[in-house]
Amino acid sequence: MYYHDMKKPIKKVTRLTNKKKFLVIAGLATAVLITTGAYFATLKLQYYDYAAKRAGLVEIRELIVMAIEDLKKDAPVEARTGDIYFPESRLYLPNPGTHHTFTYFYEPGDDAGSQPELSVSTSSVPGTNTLYSAQDVEKLFDAVPKLQSCSRGIKIVRQKFPQEDGQNELKHTVRLDNGQELYIYLEKDCPELADAAALFTYIKYY
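Residues numbered from 1 in each chain as written. Predicted model: local features only at pLDDT ≥ 70, side-chain atom pairs only at ≥ 80, totals over all residues. Heavy atoms only, no water.

The secondary structure content of the protein amounts to 5 helices and 9 strands. When its helices and strands are written in sequence order, the protein yields α-β-β-β-β-β-α-α-α-β-β-β-α-β. When each of the 206 residues of the protein is scored for burial, the buried share is 29%. For the protein, restricting intrachain contacts to residue pairs at least 6 apart in sequence, the fraction spanning at least 24 positions comes to 58%. (Helix = DSSP H or I, 4+ residues; strand = E, 2+ residues; numbered from the N terminus. Buried < 20%, exposed > 50% of the residue type's maximum accessible area, 1.4 Å probe, protein only. Contact = heavy atoms within 4.5 Å.)

So this is what it looks like as structure tokens:
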């Protein structure tokens, strides 16, 4: 009789224990679902934020590249010989045997004392890669001074720059067939164009 009377309480305790286990498991499952949902929601928001910033970054970068590219034009190449011409300055570079496509800008000078200046760079401007690899606006604008320097690149003039000039480095002096001398400078912040500057030791007047 005693054993029989004890069965019911034991079963009741067991049922209560199982119910508690179920509630605990259900609570844990709910917590996991909420945490997981919040995590993926955060990821999605971060993705949208990143995408928006990248879109703005791309737009700014393309404006910078366009501004740089608009400063210069491609130097004409004589198809038969491969010689490269800079018409406004009456100068040409005999076929240099290089893969570079040169761009240039010619400043004719004025009566105020500024001299004519031929500014030459390459179509693939050194510094562009850094601009394209920038992940935020700050790094993007950090790359601009280098890009500007390399865009100005090689400068060919008939008179030496003042000694106090700290922006350009005299790399070569060339004597033309007509007896005139040309001075080939390179912007100090763009040593990547040093080999290209050396090609202009063969420049000629026409």
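Having seen the structure, we can now continue with the description.
Moving on to the packing of aromatic side chains. The tally for this structure, following the rule as stated, stands at 7 aromatic pairs. Ring centres of Tyr85 and Tyr206 lie 5.2 Å apart, and the angle between their planes is 80°; on these two criteria the pair is classed as edge-to-face. Remark: Tyr206 occurs in the segment after β9 (204-205) and Tyr85 occurs in strand β2 (residues 84-86); sequence separation between them is 121 residues. Residue class for Tyr206 comes out partly exposed when judged on its relative accessible area of 31%. Judged by centre distance (5.4 Å) and plane angle (80°), the ring pair of Phe102 and Phe200 falls under edge-to-face. Pair noted here: Phe102 is in strand β4 (residues 102-107) and Phe200 is in the loop between α5 (194-199) and β9, with a separation of 98 residues, a long-range link. Comparing Phe102 with Phe200 shows no difference in burial state: the two are buried. Grouped by ring-pair contacts, the aromatic residues Phe86, Phe102, Tyr104 and Phe200 constitute a single cluster. (Phe/Tyr/Trp six-rings, centres within 6.5 Å; stacked < 30°, edge-to-face > 60°.)

This next bit is on the state of the cysteines. For the structure on display, the rule yields 1 disulfide. One disulfide bridge connects Cys150 with Cys190, the sulfur atoms lying 2.1 Å from each other. In this structure the cystine formed by Cys150 and Cys190 twists about its S-S bond by roughly 105°; its chirality is therefore right-handed. Of this pair, Cys150 sits in helix α4 (residues 144-152) while Cys190 sits in the loop between β8 (181-187) and α5, placing them 40 residues apart in sequence. Just as Cys150 is buried, Cys190 falls in that class too. (Disulfide = S-S within 2.5 Å.)

Listing the buried residues of α4 in full gives Val144, Leu147, Ser149, Cys150 and Ser151. One or two residues past the end of α4 sits Gly153, with phi positive at roughly 55°.

Next up on the list: the side chain of Ser119. Tracing the sequence through the fold places Ser119 in strand β5 (residues 117-122). In this structure the side chain of Ser119 is engaged in a polar contact, spanning 2.9 Å, whose partner is the side chain of Lys72. In contact with Ser119, other than residues within four places in its own chain, are Lys72, Thr103, Tyr104, Phe105, Ser151, Arg152 and Ile154. (Polar contact = N/O pair within 3.5 Å; in protein donor to acceptor, adjacent residues only side chain to side chain.)

Right, let's talk about the pairing of β8 for a bit. With 6 of 7 residues buried, β8 lies mostly within the body of the structure. Where strand β6 (residues 154-157) and β8 come together, 4 bridges link them in antiparallel fashion. The residue bridging Ile154 from the neighbouring strand is Leu186, located in β8. Where strand β7 (residues 168-175) and β8 come together, 7 bridges link them in antiparallel fashion. Among the inter-strand pairings, Val174 is bridged to a residue of β8, identified as Leu182. (Pairing = 2+ DSSP bridges.)

Turning to the nonpolar core, a few remarks are in order. Grouped together as the largest cluster of nonpolar side chains are 35 residues, with contacts concentrated most on Phe86, Ile154 and Phe200. A per-element tally of this core places helix α1 (residues 2-69) first, with 4 residues. Sequence-distant contacts of Ile154, defined by excluding residues within four places in its chain, comprise Leu118, Ser119, Val120, Ile184, Tyr185, Leu186, Leu193, Ala196, Ala197 and Phe200. (Core = buried A, V, L, I, M, F, W, Y, C linked by side-chain atoms within 4.5 Å.)

Turning next to unusual backbone geometry. Even without a glycine there, the phi angle at Arg90 is positive, about 60°. Mapped onto the secondary structure, Arg90 falls in the loop between β2 and β3 (91-93).

Here the structure, examined in full by the defined rule, presents 7 salt bridges. Between Arg61 and Glu62 there is a salt bridge, with the nearest N and O atoms lying 3.9 Å from each other. Overall, Glu62 belongs to the partly exposed group, its relative accessible area being 30%. Lys146 serves as the salt-bridge partner of Glu192, at 2.8 Å between the closest nitrogen and oxygen. Taken as a pair, Glu192 in the loop between β8 and α5 and Lys146 in helix α4 lie far apart in primary sequence, 46 residues in all. Judged by relative accessible area, Glu192 falls into the partly exposed class, the value being 45%. What makes Lys146 partly exposed here is its relative accessible area of 25%. (Salt bridge = Lys/Arg side-chain N within 4 Å of Asp/Glu carboxyl O.)

As far as function goes, none of this settles anything; it's purely spatial.
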